[in-house]
There are 2 protein chains.
Amino acid sequence: MPTYTPPVRDTRFVLEHIVGLQGHAGQPGFEGATPDVVDAVLEEGGRFVAEVLFPLNHSGDQEGCTRHPDGSVTTPAGFKDAYRQFVESGWATLGNHPDYGGQGMPHVISTAFQEYMIASNMAFAMYPGLTHGAIAALTAAGSPEQKATYLPKLVSGEWGGTMNLTEPQCGTDLGLIRTRAEPQADGSWAITGTKIFISSGEHDLTENIIHLVLAKTPGAPDSSKGISLFVVPKIMVEGDGSLGARNAVSCGSIEHKMGIHANSTCVMNYDGATGWLVGEEMRGLTAMFVMMNAARLGVGLQGLGVAEVAYQNGVAYARDRRQGRALTGAREPAEKADPLLVHPDVRRMLMEAKALTEGLRALCLWGALQVDLEHKAVDDSERQTAADLIGLLTPVIKGFGTDMGYRIATDMQQVFGGHGYIAEWGMEQYVRDARIAMIYEGTNGVQAMDLVGRKLAQHGGRAIQAFMTLVTRKLADAPADAAVAAYAAQLKEALGDLQSATLWFLANGMKNPEHVGAGAVPYMHLLGLVATGAMWLDMAAAAVRLKAADGEDAAFLDAKLVTARFYGERLLPRTASLRREIEGGADAVMALPPALFLAA
Amino acid sequence: MPTYTPPVRDTRFVLEHIVGLQGHAGQPGFEGATPDVVDAVLEEGGRFVAEVLFPLNHSGDQEGCTRHPDGSVTTPAGFKDAYRQFVESGWATLGNHPDYGGQGMPHVISTAFQEYMIASNMAFAMYPGLTHGAIAALTAAGSPEQKATYLPKLVSGEWGGTMNLTEPQCGTDLGLIRTRAEPQADGSWAITGTKIFISSGEHDLTENIIHLVLAKTPGAPDSSKGISLFVVPKIMVEGDGSLGARNAVSCGSIEHKMGIHANSTCVMNYDGATGWLVGEEMRGLTAMFVMMNAARLGVGLQGLGVAEVAYQNGVAYARDRRQGRALTGAREPAEKADPLLVHPDVRRMLMEAKALTEGLRALCLWGALQVDLEHKAVDDSERQTAADLIGLLTPVIKGFGTDMGYRIATDMQQVFGGHGYIAEWGMEQYVRDARIAMIYEGTNGVQAMDLVGRKLAQHGGRAIQAFMTLVTRKLADAPADAAVAAYAAQLKEALGDLQSATLWFLANGMKNPEHVGAGAVPYMHLLGLVATGAMWLDMAAAAVRLKAADGEDAAFLDAKLVTARFYGERLLPRTASLRREIEGGADAVMALPPALFLAA
């Protein structure tokens, strides 16, 4: 019953006026991103996901994945054929390196396409999503032979990939890993242990699955410093590249989850499975973090993708469903009731969803541009600034983005009233699916600690300084137009809250690091509101500029200005209370003795 | 896997020191509530729900209800037997009127028990919950014969009750009802139509089900003014009270819902079913609203109940699960990792849950006391003030209480990390169950409109004045203790935000009612924070007083003071941004033309 139309026009607006894609046209890494190619990706890619993946979203949720007695897993009806089309149409290779058969498109373009894929079918999008993680890790740390053996098939989508970190006793704290790797005479390793929550761990979409597995080698320290990374194929790959024997890795069960039912989240058993060391022994976390940073941006994009499809359906229902009358008198007196859209509280929810979704789209795509610049900009300082900014904002895009994604999905479900609670309408699936994005790839609390505990402090606070300088410059450069000026004043106040909270951490964190920990999540939200707010300043400024130039549909630009105003009046005020929560410090948070959390 | 222990000690603290139950001992309606009886209700009732209902919560969710081809419905395994024990132990009759076999306990006591029942098994608690709604409507508007026919069996729990309002095209806007009632020669009416989302609509727990149904009589105006209320038994009741023929009402299907799977939410088909008018023709909404107000407080209690059980499990997991180290150095160096409880962000979530849950418990029980006083106080002005206060706070307890219940359930799920997303751990069920409470009995947006559109304005703002006077008096009466004074200063500031926002509505609502509608939900949250904050002032003051008197365990009282401090430093600051959102008004909310919500 739900609908989805890829928001191509909005993506294009962001790419043109916020990312400034044309300005990068001549730079290394952007060669392939000519306007016609970008248009084709957005239009054709959008059509593909809307026509092929979206129709399988609800049925995939209802059916889920099935594990058979022999340990094999089948995905829901239609998934295998859709995946085949996905690979044959070349969508798997979009952002990958041409050395291994990829199209070499900038990250910012593949990110735009990924949003559409997630919005169409988040559980489906996770299969190629995990493959990208494996590609990233092997590209960063694999040997030339490993790259040659695995990357072409992973890039083409013929094989899938997974990340195996979590164990029953070990989540965030990877030092607790028990999976062992024993060296074998032929240079391989025998991997033994149990991994849980393995997304896409076993399925029928690809002829092979390449598992990247964290394990401990003999004598390694019993901490995160003793972890190594291994590549463990489901089916052994012979010297000539053909598939050989089945490896000793199998799916023990499929987890019963709240959502993303169409992705097979597996318990994986390694029973002396043959693996090969990726990178150096006991340096596994370094390679894993390359993969995790990319994955975290991808998870932030899940917040955005689900928010967008939920928003579109909220709007459709609010236009269609009639209930009650406008407070200012019947808007459509010939009908028995007015559409829900006349009610201020329904609009409040829709406008909040619109302001956050469009703002997060701009932030995700601008963030993806920083990933491109970090790796490809010719200028050293440009690369460093991009690396600083995306390092700082990765936990924000993941943590703030997915918290907002869940809130938006919940609000859009609320627009549907009782129907929102009924499975057939599809809205409750968006809430269940959105929920996992706040948890995996490091819970949002872990993201917040990465932000305030690592990213703020690194290099003497260089990254947060760069961010504040950037926003200050945007404020200084904002056009003199009255609407933009009013918005800029609100953003400036919010930036002041961010500066104040940052200084408070600086002044108090040395005395007691718990002062920083207790404010971590509020700070992540504060920075998220300001970063998204900075995007809205850019969008409002662009709208004013384009209106003056008569370059785009004025109604579309007016909508940007109204939405920016809403963001300034309704969302930015929250930074003040977040600042006060942060400046409350840790005392009240930490004071209660553990025994007193529950009255005896 | 989850655990639940009824928080008897905390309930008793609230009843003694916030509700002041002993002070009401001699008053009409409180006769039965002697200390030993109250203790027995809390202890025995708590034991019953924990031992009999709680073990069926997860299995009931997994199994759900089953509709058979003949239209009959069976509840999950164990429900029928548990319901039989519930009736036989007399828990069904607790708060009901002695005239019909009830125990006549004050509403505040039955409310305390209801919280435990909901926390144990929300879907189960809905069966007697809906019966209470039917009892309330028949008591308010039924004829003497109707009362004699139905009330004794409903009160005893031998029969169940339902409320039939919603139809496919008609939710909040009851004027859109299409179900028709045709008068019959014998004085009965033939009811024809389809009702949806009927909680407990058909099941195997009771030998009969008494449906209260809204329908339109011939020639009635095509608006909410034309609605009448009918009583329609599933099985006809003969003159001698025995059961006769099956009525023409049946369950067409069970809705597939996000949660509360163990409650049978039915599509009910009325095919010329025999019914009798309850109260006057075309005055059905009046009787329905008696029922709805009671039901709304019950739904607010669902927010509290689910929050409490989720919180208890969050605490248990945070104590048990070890992951990472305290920021200030290993807390338990002999173990491989510290418990989650050492992490400030985990504590932040737990303390927020604790502060809101205990605050909402006080608010719900204090509110239930107002229901008792509204009906039973001897003094006219005491009755009026109680009626004003509970009228004002009913939408707040429902709307704010369930929004917080969902947030707490989500946060407690977050404490579990990946395990929170897995069905076996039970946390995801709490989120799914808590979600419906924000929707039914009037969505929370509808609650907020009831608050700002009706309750604020009634009688020249008498109720909000009474509330603000009450809080001001509490502030004036607060003990001079430093901890209480610091908290009182924060509450005073929050009260100032409430006063400011109320005056803003007064000044701007006449010009444009949409200014009020656009701020309705933020205002409901602002009032909820202040009302819960007033309860925390009372609890902190009581803790200080009792510590000085050496009357209770000092550690329990210290925990109250720490939690009050947390509430003041971490939750009350939010009122400032809510005020600013409200004072932003409707312009940005309403400005966007409907066509521009989605870019073409």
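To be clear, the structure that these remarks concern was listed above.
Residues numbered from 1 in each chain as written. Chains lettered and ligands numbered in written order. Predicted model: local features only at pLDDT ≥ 70, side-chain atom pairs only at ≥ 80, totals over all residues. Heavy atoms only, no water.

1. Re the overall build of chain A
Along chain A, the regular secondary structure elements total 19 helices and 11 strands. Taken over C-alpha atoms, the radius of gyration comes to 24 Å for chain A, in line with the 25 Å a tight globule of 600 residues would show. Counting only C-alpha atoms, chain A reaches 80 × 65 × 60 Å along its principal axes. Buried positions account for 64% of the 600 residues belonging to chain A. Here the contacts in chain A between residues at least 6 apart in sequence split such that 74% fall between residues at least 24 apart. As displayed, chain A offers around 20000 Å² of accessible surface, 55% of which is attributable to carbon and sulfur atoms. Charge centroids of chain A, computed over 49 positive and 66 negative side chains, lie 5 Å from each other. (Helix = DSSP H or I, 4+ residues; strand = E, 2+ residues; numbered from the N terminus. Rg over C-alpha atoms; globule rule 2.2 N^0.38 Å. Buried < 20%, exposed > 50% of the residue type's maximum accessible area, 1.4 Å probe, protein only. Contact = heavy atoms within 4.5 Å. Areas by Shrake-Rupley, 256 points an atom, 1.4 Å probe, with all protein chains shown as cover. Lys, Arg positive; Asp, Glu negative; His and termini not counted. Charge placed at Lys NZ, Arg CZ, Asp CG, Glu CD.)

2. Comments concerning empty space enclosed by the protein
All names here are of chain A. For the structure on display, the rule yields nine cavities of 30 Å³ or more. Taken as a whole, the second largest cavity encloses approximately 70 Å³ of empty space. Lining the second largest cavity are F86, W91, A92, L94, G95, S110, F113, Q114, M117, P128 and H132. Those elements that place two or more of their residues in the lining of the second largest cavity are α5 (107-120) and α6 (122-141). Considering each element in turn, the lining of the second largest cavity owes the most residues, four residues, to α5. Residues belonging to the lining of the second largest cavity are distributed by class as follows: seven nonpolar, four polar and no charged. (1 Å grid on protein atoms, 1.4 Å probe; cavity = no way out; pocket = protein on both sides within 12 Å on 5 of 7 lines; lining within 4 Å. Points joined across faces, edges and corners; volume = space filled by probe spheres on them. Nonpolar A, V, L, I, M, F, W, Y, C, P; charged D, E, K, R; others polar.)

3. Considerations on the state of the cysteines
Under the counting rule described, the total for this entry stands at zero disulfides over all chains. In this model A:C65 remains outside any disulfide bridge; the closest cysteine sulfur is found in A:C266, 7.7 Å from its own. (Disulfide = S-S within 2.5 Å.)

4. Focus: the packing of helix α10 (residues 380-415) of chain B against helix α12 (residues 444-455) of chain B
Residue and element names in this part refer to chain B. For the pair α10 and α12, the least separation of the axes is 9 Å and the interaxial angle reads 155°. In terms of axis orientation, α10 runs roughly antiparallel to α12. Note on packing geometry: the crossing formed by α10 with α12 is left-handed. Contacts between α10 and α12 pair G391, L392, P395, V396, K398, G399, T402 and D403 from the former with N444, Q447, D450, L451 and K455 from the latter. Of the residues belonging to the contact of α10 with α12, the class tally is four nonpolar, five polar and four charged. (Axes fitted to C-alpha atoms, helices over the stretch in contact; angles between N-to-C directions. Parallel < 35°, antiparallel > 145°, perpendicular 65-115°, else oblique. Left-handed = near helix turned anticlockwise from the far one by under 90°.)

5. Some words on helix α2 (residues 35-53) of chain A
Residues and elements named next belong to chain A. For α2, with 19 residues, the first-to-last C-alpha span of 26 Å sits near the 27 Å given by 1.5 Å per residue. Regarding α2, the residues found buried are V38, V41, L42, G45, G46, F48, V49, A50, V52 and L53. Check the buried side of α2 and you find it contacts α1 (8-17), α3 (57-63), α4 (79-88), α5 and α6. (Expected span 1.5 Å × (residues − 1).)

6. So, the side chain of A:S199
Along the chain, A:S199 turns up in strand β5 (residues 189-199). If we skip the residues at most four places from it in the chain, A:S199 touches A:M126, A:L130, A:T162, A:N263, A:S264 and A:T265.

7. Points about the pairing of strand β5 (residues 189-199) of chain B
Residue and element names in this part refer to chain B. Among the 11 residues in β5, nine count as buried, and that is most of the element. The pairing of strand β4 (residues 180-183) with β5 spans four bridges and is antiparallel. For R180, the partnering residue across the bridge sits in β5 and is T192. Direction of pairing for β5 relative to strand β11 (residues 265-278): antiparallel, over a ladder of nine bridges. Bridge pairing in β11 links G193 to Y270. (Pairing = 2+ DSSP bridges.)

8. A look at the interface of chain B and chain A
On the chain A side, the residues contacting the 99 residues of chain B number 99 residues. When the two sides are added together, the surface that chain B and chain A hide from each other amounts to roughly 8900 Å², 60% of it contributed by carbon and sulfur. Summed over the shared surface of chain B and chain A, the result is 10 salt bridges. With a shortest N-O distance of 3.7 Å, B:D587 and A:R565 are connected by a salt bridge. (Buried area = accessible area lost by both parts, 1.4 Å probe. Salt bridge = Lys/Arg side-chain N within 4 Å of Asp/Glu carboxyl O.)

9. Quick word on the packing of helix α2 (residues 35-53) of chain B against helix α4 (residues 79-88) of chain B
Residues and elements named next belong to chain B. In contact at an axis separation of 11 Å, α2 and α4 are set at 165° when each is read in the N-to-C sense. As judged from the angle between their axes, α2 and α4 are roughly antiparallel. In this structure, α2 crosses over α4, and the sense of that crossing is right-handed. Along its contact with α2, which presents F48, V52 and L53, the element α4 presents A82, Q85 and F86. Of the residues contributing to the contact of α2 with α4, the split by class is five nonpolar, one polar and no charged.

10. Concerning the environment of A:M468
Among the structural elements, A:M468 can be located in helix α13 (residues 458-477). Along the chain, A:M468 and A:L214 lie 254 residues apart, while their C-alpha atoms are 37 Å from each other.

11. A few points about the pattern of salt bridges
Two side chains with opposite charge may pair up if their charged atoms get near one another. On inspection of all chains with the given rule, the structure shows 80 salt bridges over all chains. Residue A:E583 is joined to A:R579 by a salt bridge in which the shortest nitrogen-to-oxygen separation is 3.5 Å. You can see A:E583 and its partner A:R579 sitting in helix α18 (residues 574-583), four residues apart, about one turn around the helix. The exposure class of A:E583 is partly exposed, given its relative accessible area of 27%. Here B:K547 makes a salt bridge to B:D558, at a shortest N to O gap of 2.6 Å. Of the two residues, B:K547 is situated in helix α16 (residues 520-549) and B:D558 in helix α17 (residues 554-571); the sequence distance between them amounts to 11 residues. Residue classification places B:K547 among the partly exposed positions, given a relative accessible area of 36%.

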